[in-house]
Amino acid sequence: TGAIGLYNVGQSCCLNSLLQVFLMNIHFTGILRRITVPPCAAQKRRNVPYQMLLLLEEMQCGKQKAVAPIDLACCLSVYKVKLFVQYDAAQLFLTLWNLIKRQMKNPELVEKLSHLYTICVQEHLACQKCSFETKRNSSMLTLPLPVLDSNSHVLRTLEDCLQYFFHPEELTDHNMCFCEQCGRKTPFLQSMKLVHLPQTLTIHLKRFSFEKSAYIHKLSHYLPFPQDLDFNAVLTENQCQADDNEKAAWQYELFAVVAHSGSTSCGHYCAYIRSLTECKWYCFNDSEVCQVSWDDVKCTYGHSNLRWGETAYLLIYMKKHPQ
């Protein structure tokens with residue numbers, strides 16, 4: 001089934017969860033299998049994609065219930081990804097992805113990897129006193145969705161979080177911008193429009209909040225997310241900057257959930273992943289792997305009375321009908 005565990009080799013639950021999400025994604029492993037093998041032993045030890053490929057082969061060919069990602073962990077330590085460190089899954093995902101991309105030598109594979117994960121948006125700034133407007137295209141690897149609005153009110157569903165993220169914001173008072181046409185600081189309307197969504201979409205629920213005292217507080221309130229997500233039904237026309245062909249492919253199915261339990265200073269990660277070959281859900285909790293139901297996955301919606309309970313932190317969706 002490919003559902004093989006990874007031993008915890010030094011507070012590596014965050015790394016293990018992300019590796020499982022990467023290696024259970026057949027679109028990613030299809031790219032990984034085509035990498036150029038480094039020519040010498042020293043380069044092989046330092047090459048993250050190659051070490052991930054060796055780990056994948058060990059997981060698929062071995063008979064044991066779990067394998068130890070020691071060689072990959074040693075490889076990552078060269079790039080300051082140390083063991084016995086509490087990592088944030090969203091930050092570690094970006095670090096891993098950038099290491100993989102940078103060390104893939106084949107330009108065609110780099111392009112495929114980027115196309116598989118990269119989100120494209122268009123940022124708009126419009127002066128409210130005149131017609132001056134600027135537009136800038138940018139890319140991101142995750143959609144970092146707030147789970148509270150600007151008044152610290154709870155956003156009730158994932159769809160609410162998406163709508164809030166793409167909702168225009170008025171920049172007034174001390175947030176005003178300099179308008180080249182007006183020659184002074186004026187109120188601006190800032191908005192973001194969706195241009196392109198990738199085959200594998202990673203959503204980051206911003207459940208860790210900085211309070212005034214610089215204390216990081218975990219937001220554990222109930223936040224449901226759907227198995228099926230259609231961006232055309234969530235966002236308005238004004239929140240999109242894409243043609244009909246692009247938007248026709250914006251229908252997604254949930255592939256994985258990276259969940260966090262415990263406190264911000266002493267937490268644990270595990271991953272719930274839907275096997276693309278079997279269409280069954282599994283829970284990957286370090287070396288322990290077991291089949292679970294959708295009701296088990298829904299337990300990661302969160303609960304305000306269970307501050308240290310298990311809550312979804314990263315949601316990974318797959319396109320239903322990739323172009």
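Basis of the calculations
- Residues numbered from 1 in each chain as written.
- Predicted model: local features only at pLDDT ≥ 70, side-chain atom pairs only at ≥ 80, totals over all residues.
- Heavy atoms only, no water.
- Phe/Tyr/Trp six-rings, centres within 6.5 Å; stacked < 30°, edge-to-face > 60°.
- Helix = DSSP H or I, 4+ residues; strand = E, 2+ residues; numbered from the N terminus.
- Core = buried A, V, L, I, M, F, W, Y, C linked by side-chain atoms within 4.5 Å.
- Buried < 20%, exposed > 50% of the residue type's maximum accessible area, 1.4 Å probe, protein only.
- Domains from an automatic or database assignment.
- Contact = heavy atoms within 4.5 Å.
- Lys, Arg positive; Asp, Glu negative; His and termini not counted.
- Salt bridge = Lys/Arg side-chain N within 4 Å of Asp/Glu carboxyl O.
- Polar contact = N/O pair within 3.5 Å; in protein donor to acceptor, adjacent residues only side chain to side chain.
- Buried area = accessible area lost by both parts, 1.4 Å probe.
- Nonpolar A, V, L, I, M, F, W, Y, C, P; charged D, E, K, R; others polar.
- Pairing = 2+ DSSP bridges.
- Axes fitted to C-alpha atoms, helices over the stretch in contact; angles between N-to-C directions.
- Parallel < 35°, antiparallel > 145°, perpendicular 65-115°, else oblique.

Caption draft 1: View of the packing of aromatic side chains. One pass over the full model with this rule turns up 15 aromatic pairs. Judged by centre distance (6.4 Å) and plane angle (75°), the rings of W97 and Y117 are edge-to-face. One end of the pair, W97, is in helix α6 (residues 89-103); the other, Y117, is in helix α7 (residues 107-117), and 20 residues separate them in sequence. An aromatic cluster is built from F22, F28, F93, W97 and Y117, whose rings are joined through pairwise contacts.

Caption draft 2: Highlighting the nonpolar core. In this structure, F22, F28, M52 and Y117 are the most contacted members of the largest nonpolar core, which totals 56 residues. Counting contributing residues per domain, this core is built from domain 1 (1-118) and domain 2 (142-167 + 199-322), each supplying no fewer than three. Leave out the neighbours within four places in its chain, and M52 touches L19, F22, L23, F28, L32, L72 and I100. Core analysis: the second largest hydrophobic core is formed by 41 residues, L235, Y252, A259 and L315 among them.

Caption draft 3: Structural context of the side chain of K193. Positionally, K193 belongs in strand β9 (residues 188-196). Despite its burial, K193 pairs with no opposite charge, the nearest such side chain being E133 at 6.7 Å. Here the side chain of K193 touches N238 through a polar contact of 2.5 Å, landing on its backbone oxygen. In this view, K193 contacts V121, Q122, H124, F166, N238, Q239, C240 and Q241; residues no more than four positions away in its chain are not counted.

Caption draft 4: Summary view of unusual backbone geometry. Non-glycine residue K80 carries a positive phi angle of around 65°. Structurally, K80 is set in the loop between α5 (70-77) and α6. One non-glycine residue with positive phi stands out, namely S152, at about 65°. Checked against the element boundaries, S152 lands in the loop between β5 (143-146) and α8 (158-165). Classification of S152 as exposed rests on a relative accessible area of 54%.

Caption draft 5: Here's a closer look at the domain arrangement of the chain. Per the domain assignment, the segments making up the chain are domain 1 (1-118) and domain 2 (142-167 + 199-322). A separation of 22 Å is found between the C-alpha centroids of domain 1 and domain 2. Counting residues at the interface gives 31 residues for domain 1 and 30 residues for domain 2. Here domain 1 and domain 2 share an interface that buries about 2300 Å² over both sides, 65% of which is from carbon and sulfur atoms. The tally of links between domain 1 and domain 2 comes to one salt bridge. Of the charged contacts in the structure, one is a salt bridge between K65 and E288, with a shortest N-O distance of 2.8 Å. Along the contact surface separating domain 1 from domain 2 lie 11 residue pairs in polar contact (both at pLDDT 80 or more). Within the residue set of the side of domain 1 that touches domain 2, elements represented by two or more residues are β1 (5-6), α1 (13-23), α2 (26-32), α6 and α7. Here the side of domain 1 that touches domain 2 takes seven residues from α1, the largest share from any one element. For the side of domain 1 that touches domain 2, the residue count by class is 18 nonpolar, 11 polar and two charged.

Caption draft 6: Main features of the sheet that holds strand β4 (residues 133-140). Overall, antiparallel pairing links the four strands, which are arranged β4-β3-β9-β6 in an open sheet. The open sheet is flanked by β4 and β6 (169-171), the only strands paired with a single partner. Between one strand axis and the next, the sheet turns by 25° as a mean value, whatever way the strands run. In terms of strand pairing, strand β3 (residues 119-127) meets β4 through eight bridges, oriented antiparallel. Within the sheet, the bridge partner assigned to L125 lies in β4 and is T134.

Caption draft 7: Broad picture of the environment of N98. Take N98: it is sitting in helix α6. Judged by relative accessible area, which is 36%, N98 ranks as partly exposed. For the pair N98 and E278, spaced 180 residues apart in sequence, the C-alpha to C-alpha distance is 30 Å.

Caption draft 8: Region of interest: the packing of α1 against helix α4 (residues 48-61). Two elements in contact, α1 and α4, have axes separated by 11 Å at closest approach and are oriented at 80°. The angle between the axes of α1 and α4 places the two elements in the roughly perpendicular class. On α4, the residues touching L19, Q20, F22 and L23 of α1 are M52, L55, L56 and M59. Grouping the constituent residues of the contact of α1 with α4 by class yields seven nonpolar, one polar and no charged.

Caption draft 9: Quick look at the packing of α6 against α7. Put simply, α6 and α7 touch, their axes get as near as 10 Å, and they point 155° apart. Comparing the axis directions of α6 and α7 gives the class roughly antiparallel. Here F93, W97, I100 and K101 of α6 come into contact with α7, specifically with V110, L113, S114 and Y117. When grouped by side-chain class, the residues that make up the contact of α6 with α7 number six nonpolar, one polar and one charged.

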